[in-house]
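Each chain is listed here by its residues.
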Amino acid sequence: MNLRQKDHEEPEMNLTSLIDVVLLLLIFFMVSTTFVDESRIKLQLPQASNEPAADQKKDPIEVAVTATGEYRVNGQVLINTSPATLSAAVSKLAGERRDLPVTIRADARSTHQSVVTAMDVLGRLGFKAISIATVNDQSSSAAGQ
């Protein structure tokens, strides 16, 4: 019987495989972040011309959206901002004709929701020729010359 005490060895932790895994994860995340940039949607935004189209020099129906979100149809203020009221006013003005061109004139400070609501109402009524009025920016045209 051997009663002598054995030397107690300290356990060692091998970090080589842990470092390999961390480096592989680092490389994976570095490579995958470059694909995020390539998957973005590239939009080509429309540009407004200086002159309106020849057939739309005078639009029979004009829907204006004020900065507070109120609607005006051909200058007449509506009693409230509900889509049903806007729909009734445009239907009354257009009658059965849905081929008339419609122009939406929105204040720059109006909410996006108000403009989209007006477009939605006109689309549901069956109007196909819906235009959005723009203002030619004088400072950008002067800089471009």
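What you are looking at is a predicted structure, and each value in this text was computed from that prediction instead of being measured.

J.: What should I look at first to understand the pattern of salt bridges in this one?
T.: For side chains bearing opposite charge, pairing can occur when the charged atoms are close. According to the stated counting rule, one finds four salt bridges in the structure shown. A salt bridge links arginine 97 to aspartate 99; the shortest N-O distance between them is 3.5 Å. Residue class for aspartate 99 comes out exposed when judged on its relative accessible area of 56%. Among the ionic pairs, aspartate 120 bridges to arginine 124, the shortest N-O distance being 3.0 Å. Residue aspartate 120 and its partner arginine 124 are both found in helix α3 (residues 112-125); the two are separated by four residues, about one turn of the helix. With a relative accessible area of 69%, arginine 124 lands in the exposed category.

J.: How do you make sense of helix α2 (residues 83-94) when you look at a structure like this?
T.: Residues separated by three or four positions in an α-helix point in the same direction, a consequence of the helix having 3.6 residues per turn. When the terminal C-alpha atoms of α2 are compared, their 16 Å separation across twelve residues agrees well with the 16 Å that a helix rising 1.5 Å per residue should span. Taken together, the buried positions of α2 are Thr85, Leu86, Ala89, Val90 and Ala94. One face of α2 carries all of its buried residues, which in axial projection span an arc of 155 degrees. Opposite the packed face of α2, turned more than 90 degrees from it, sit the exposed residues Ala84 and Lys92. Contacts made by the buried residues of α2 are with β1 (61-65), β2 (71-73) and α3.

Quick notes on the rules
- Numbering of residues starts from 1 in every chain and runs along the sequence as written.
- Per-residue local features of the predicted model are confined to residues with pLDDT of at least 70, and side-chain atom pairs are confined, for both listing and counting, to 80 or more; whole-chain, interface and lining totals are unaffected and use all residues.
- Excluding hydrogens and water, the side-chain values take into account all heavy atoms of the structure.
- Any Lys or Arg side-chain nitrogen located within 4 Å of an Asp or Glu carboxyl oxygen qualifies as a salt bridge.
- Accessibility here uses a 1.4 Å probe with only protein chains present; expressed as a share of the type maximum, an area under 20% marks a residue as buried, one over 50% as exposed, and anything in between as partly exposed.
- Elements are defined by DSSP. Helices are runs of H or I of four residues or more, strands are runs of E of two residues or more, and each kind is numbered from the N terminus.
- Expected helix span is computed as 1.5 Å times (number of residues minus one).
- Throughout, the arc means that of the directions going from the helix axis to the C-beta atoms.
- Any two residues whose heavy atoms approach within 4.5 Å at even a single point are treated as in contact.

Any link to function would need more than the numbers given here.
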